[in-house]
Amino acid sequence: MKKLTVLLVVLCTSLAFTTDATAQKFSGLDKSPADIAYYPASSRDTDKAVRVIYSRPQLKGRSLAELAPVGKVWRTGANEATEITFYKDVMIGGKSVKAGSYSLFTIPGEDEWTVILNNNLHQWGAYSYDSDADVVRAMATPSMDNEELEAFGVAFDDDGNMVMGWGTTRVTLPISY
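The rules behind each value
- Residues numbered from 1 in each chain as written.
- Predicted model: local features only at pLDDT ≥ 70, side-chain atom pairs only at ≥ 80, totals over all residues.
- Heavy atoms only, no water.
- Helix = DSSP H or I, 4+ residues; strand = E, 2+ residues; numbered from the N terminus.
- Buried < 20%, exposed > 50% of the residue type's maximum accessible area, 1.4 Å probe, protein only.
- Areas by Shrake-Rupley, 256 points an atom, 1.4 Å probe, with all protein chains shown as cover.
- Phe/Tyr/Trp six-rings, centres within 6.5 Å; stacked < 30°, edge-to-face > 60°.
- 1 Å grid on protein atoms, 1.4 Å probe; cavity = no way out; pocket = protein on both sides within 12 Å on 5 of 7 lines; lining within 4 Å.
- Points joined across faces, edges and corners; volume = space filled by probe spheres on them.
- Nonpolar A, V, L, I, M, F, W, Y, C, P; charged D, E, K, R; others polar.
- Pairing = 2+ DSSP bridges.

A. The arrangement of the overall build of the protein in detail. On a plain count of helices and strands, the protein comes out with 2 helices and 10 strands. Its helices and strands in sequence order give the protein the pattern α-β-β-α-β-β-β-β-β-β-β-β, from N to C terminus. Looking at the protein as a whole, 38% of its 177 residues are labelled buried. About 10700 Å² of surface is accessible on the protein, with carbon and sulfur atoms providing 55% of the total.

Rendered as structure tokens:
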């Protein structure tokens, strides 16, 4: 009986000290967390037309021009290139786009932004962007808003147009379904 008690004490002690050794270590929270925007946005509407998966960078005292320079290809978010999935064929910039998934890039401009759908998925940022894989380029109209958005965001208006916002800039891409 004494041996059994000693064995149980040793076993319990060893179990107490091994939990740290097998515990999963998690890094801190992502500074640019992922988000998803759908159209239609209502969770009750299951017949979705489009989904955008993107990361939300923060301004943190920096300007939009620093983070998304005018005239340069931008990943349209942070981390991996933004991914847009159309569940139905659509028209963007007067051009037909087949249902499917594409990387979404933008080229910010003073008076208009170029929105690019690209066939190369799962790329980090715009570092390996290849214009030969572009499916469509369309022009989007920027405007200014009174509300300041610290984090980049994507939403859809009531007509299904995609609106990208950051700081006081709003960029609207018309989409026809």
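Structure's up, so let's keep going.
B. Molecular detail of the packing of aromatic side chains. Per the stated rule, a full pass over the model turns up 9 aromatic pairs. A centroid spacing of 5.1 Å and a plane angle of 25° characterise the contact between Tyr39 and Tyr177, whose relative ring orientation is stacked. Note that Tyr39 is positioned in strand β1 (residues 34–39) and Tyr177 in the segment after β10 (175–176), a separation of 138 residues in sequence. A centroid spacing of 5.3 Å and a plane angle of 80° characterise the contact between Trp74 and Phe152, whose relative ring orientation is edge-to-face. Within this pair, whereas Trp74 is found in the loop between α2 (64–67) and β3 (82–86), its partner Phe152 is found in strand β8 (residues 134–156), the two being separated by 78 residues in sequence. A relative accessible area of 6% means that Trp74 is categorised as buried. Connected via pairs of aromatic rings, a cluster forms that spans Tyr54, Trp74, Trp113, Phe152 and Trp166.

C. Representation of the layout of surface pockets in the model. Here the largest pocket is characterised by a volume of approximately 260 Å³. Considering only residue class, the lining of the largest pocket consists of 8 nonpolar, 3 polar and 4 charged.

D. Layout of the sheet that holds strand β4 (residues 90–92). Taken together, the 3 strands give an open sheet; going across it, the order is β5-β4-β10, and neighbouring strands pair in antiparallel fashion. In the strand order of this sheet, the two ends are held by β5 (95–97) and β10, each with one partner.

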